[in-house]
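Examination of the molecular architecture
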Amino acid sequence: MLGKVILALIVVIAVFIGVILLRAARFKPKSELTSSLEDVLLDENRIVWDMQEMIRCKTISYNDESLIDKKEFEKFQKLLPKLYPKVHETCERQMLGVNGMLYCWKGRKEGEPIVLMSHYDVVPVEESQWEKPAFEGIVEDGVLWGRGTLDTKGTLCGIMEAAEKLMKDNFVPEHDIYFAFSGQEEVNGPTCPAMVDWFEERGIHPAMVLDEGGAVVENVFPGVDRECALIGIAEKGLTNIEFHAKSNGGHASMPPVHTIVGELAQAVVDVEKHPFPRQITKPVREMLDTLGRHSTFAYKILFANLWCFAGLFDKVCQKSGGELNAMLRTTCAMTKMQGGKAFNVIPPTASVGMNLRLIGTDTVDSAKAYLERVINNPNIEVSVFEGRNPSTESDTSCAEWGNLCQAVADTWRKALVSPYLMMACSDSWHYCRITDRVYKFSAMKLSKEERGMIHGNNERVPVETLVKTVEFYVRLMKKC
């Protein structure tokens, strides 16, 4: 009898292994887009010159409005008509919000337009830590230096250069194209919401919105050695939460059993030991299904059988941390601590601040409730300072998605094009209330080092990369 049970068990295990391996063997790449071999002829010197002029406008955003040099923003606004006369002759430009610029390029037919977004404000710099000046637009060894080259005057330049070229070539798009440029993205200001209000009030529901987000990258997906063009189809939400505790204070020589600093420390440990549950959302599921098919066979066993190995994959992601872990769950990063100012005094108040990036069905309210359950301490007050929920997930079955992917494939011909979940927040989040086709793609090939320069020191872009950005927008606009 025991022998039969063992035999049956062996058969079950063999069948299970066979199913796992068969599914992995059948997990083959989908048919890839055929890249166009048509070249786009551009004036590289003109593109570089125009970008240099943009960089020289110190359009720095600060949360403290008194620090903002509004004249620099006005300088940028007045610069664009000089750099792009044909665009300003052809398009209507209106100012919206605090410093938003909205252009309308009329198409041949009625129909839903597309919106191409960018922002021209930049984050502050610590010039002493830069190797070259941040606002002079220096070009050296084929690289253009300056704050905003990557985030995101580079894409704004790409949009305007492409439009100027196409208009000079007498091209007219099939449907209207809007260029929406905010000068408040870095401080999450009201300008972009005001622009979305303008569309909503007129009943305009864009067929596609494209903003910053993913990029063409290498070595970011397990087992895949090709470059990947990652297009965000959703972005995580954001909230800042604080744990706050109070005490009667007192002399440190006679402490209570548990000080408020100790209670807060325990709360931090509890949160880090109990990460938010995993959620495999549509962007991640589609990315795994797209890129996983190009992975090595060992990884295919995992990605083709997530129905069985989702828990194992989750454990791997948790241990690795970083982006791999962040794409599966709401993350909570402890970022601020505050307590007493003297070694021998028990502080009357202490706090710990944290930044959460929300995923899928998690909301600001549900995240707060989860943290309260985890720490289970009535002596600690949990407060929300600000927040916004995750964006909706955009359509990847429409013609606009196909056109976008084709324009990417035509420009970066060796890249695998895939959906992606954007970890950071962008202005395009606001457009989700008027369309379900909001895509996030910074039209550049960026190395790990270059991605680290965004909001960092020595921000710069290879001239070749900038020219590719213009090529991409030319191709995309011709498909609209």
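The notes below deal with the structure included here. (Residues numbered from 1 in each chain as written. Predicted model: local features only at pLDDT ≥ 70, side-chain atom pairs only at ≥ 80, totals over all residues. Heavy atoms only, no water.)

The next subject is the pairing of strand β2 (residues 100-105). Summarising burial for β2: 6 of the 6 residues are buried, a large majority. Burial along β2 is two-sided: Gly 100, Leu 102 and Cys 104 facing one way and Met 101, Tyr 103 and Trp 105 facing the other are all buried. Relative to β2, strand β1 (residues 92-96) runs antiparallel, the two being bridged by 5 bridges. Across the sheet, the residue bridging to Leu 96 is Gly 100, located in β2. (Buried < 20%, exposed > 50% of the residue type's maximum accessible area, 1.4 Å probe, protein only. Helix = DSSP H or I, 4+ residues; strand = E, 2+ residues; numbered from the N terminus. Pairing = 2+ DSSP bridges.)

A rise of 1.5 Å per residue sets the reference length of helix α10 (residues 306-320), with its 15 residues, at 21 Å; its end C-alpha atoms lie only 18 Å apart and thus fall more than 12% short of the reference. Maximal helix bending in α10 amounts to about 30°, located at Leu 312. Along α10, the residues that are buried comprise Leu 306, Phe 309, Ala 310, Phe 313, Asp 314 and Cys 317. Gly 321, located one to two residues past α10, shows a positive phi value of around 65°. (Expected span 1.5 Å × (residues − 1). Bend = angle between axes of the 7 residues up to and from the residue.)

Negative phi characterises most residues that are not glycine, and trans characterises most peptide bonds. The peptide bond linking Asp 151 to Thr 152 adopts the cis configuration, its omega dihedral lying at -20°. Here Thr 152 is to be found in the loop between β5 (143-145) and α5 (153-168). The phi dihedral of Asn 170 is positive, around 65°, even though this residue is not glycine. Turning to its location among the elements, Asn 170 is positioned in the loop between α5 and β6 (177-182). The exposure class assigned to Asn 170 is exposed, which follows from its relative accessible area of 65%. Of note, the phi angle at Asn 188 is positive, near 50°, even though the residue is not glycine. Relative to the elements of secondary structure, Asn 188 occurs in the loop between β6 and α6 (191-201). Taking relative accessible area as the criterion, Asn 188 reaches 45% and is therefore assigned partly exposed.

Next up on the list: the nonpolar core. Within the largest apolar cluster, 96 residues are counted, with the highest numbers of intra-cluster contacts made by Met 54, Leu 116, Phe 179, Leu 404, Phe 441, Phe 472 and Met 477. The biggest single contributor to this core is helix α15 (residues 463-478), with 9 residues. Leave out the neighbours within four places in its chain, and Met 477 touches Trp 105, Leu 116, Ile 159, Ala 162, Ala 163, Leu 166, Phe 171, Ile 177 and Phe 179. Grouped together as the second largest cluster of nonpolar side chains are 23 residues, Ile 241, Leu 264, Cys 332 and Val 382 included. (Core = buried A, V, L, I, M, F, W, Y, C linked by side-chain atoms within 4.5 Å. Contact = heavy atoms within 4.5 Å.)

Attention now moves to α15. Three or four residues apart is the spacing at which side chains of an α-helix point the same way, because the helix has 3.6 residues per turn. If you check α15, its first and last C-alpha atoms are 23 Å apart, about what 16 residues at 1.5 Å a residue would give, namely 22 Å. Counting buried positions along α15 gives 13 out of 16 residues, so the element sits mostly inside the fold.

Let us look at the sheet that holds strand β9 (residues 237-246). The antiparallel open sheet is built from 4 strands, whose spatial order is β10-β11-β9-β12. Because the sheet does not close on itself, it has two edges, and the strands there are β10 (331-338) and β12 (380-388). Neighbouring strand axes in the sheet, compared pairwise and without regard to direction, differ in orientation by 20° on average. In terms of strand pairing, β10 meets strand β11 (residues 349-358) through 7 bridges, oriented antiparallel. Within β11, the residue paired with Ala 333 across the bridge is Asn 355. Its contacts with the sheet put helix α12 (residues 364-375) on β9, β11 and β12, and the angle it makes with β12 is roughly 160°. (Axes fitted to C-alpha atoms, helices over the stretch in contact; angles between N-to-C directions.)

Okay, the packing of helix α2 (residues 44-55) against α5 next. Here α2 crosses α5 at 135°, and the two axes come no closer than 10 Å. Our classification of the angle between α2 and α5 gives oblique. Judged by the twist between their axes, the crossing of α2 over α5 is right-handed. Contact with α2, carried on its side by Arg 46, Ile 47, Asp 50, Met 51, Met 54 and Ile 55, involves Lys 153, Gly 154, Leu 156, Cys 157, Glu 161, Glu 164 and Lys 168 of α5 and no other residues of that element. (Parallel < 35°, antiparallel > 145°, perpendicular 65-115°, else oblique. Left-handed = near helix turned anticlockwise from the far one by under 90°.)

Here we come to the pattern of salt bridges. By the definition in use, this model includes 31 salt bridges. A salt bridge links Arg 433 to Asp 197; the shortest N-O distance between them is 2.8 Å. In this pair, Arg 433 is assigned in the loop between β13 (416-422) and β14 (438-445) and Asp 197 in helix α6, connecting sequence segments 236 residues apart. Here Asp 197 falls in the partly exposed class, since its relative accessible area comes to 31%. Ionic pairing is found between Arg 460 and Glu 449, a salt bridge with its closest N-O pair at 3.5 Å. On the criterion of sequence distance, the pair formed by Arg 460 in strand β15 (residues 460-462) and Glu 449 in helix α14 (residues 448-453) is long-range, its members being 11 residues apart. The exposure class of Arg 460 is buried, given its relative accessible area of 18%. Linked by salt bridges that have partners in common, Lys 30, Asp 289 and Arg 293 make up one network. (Salt bridge = Lys/Arg side-chain N within 4 Å of Asp/Glu carboxyl O.)

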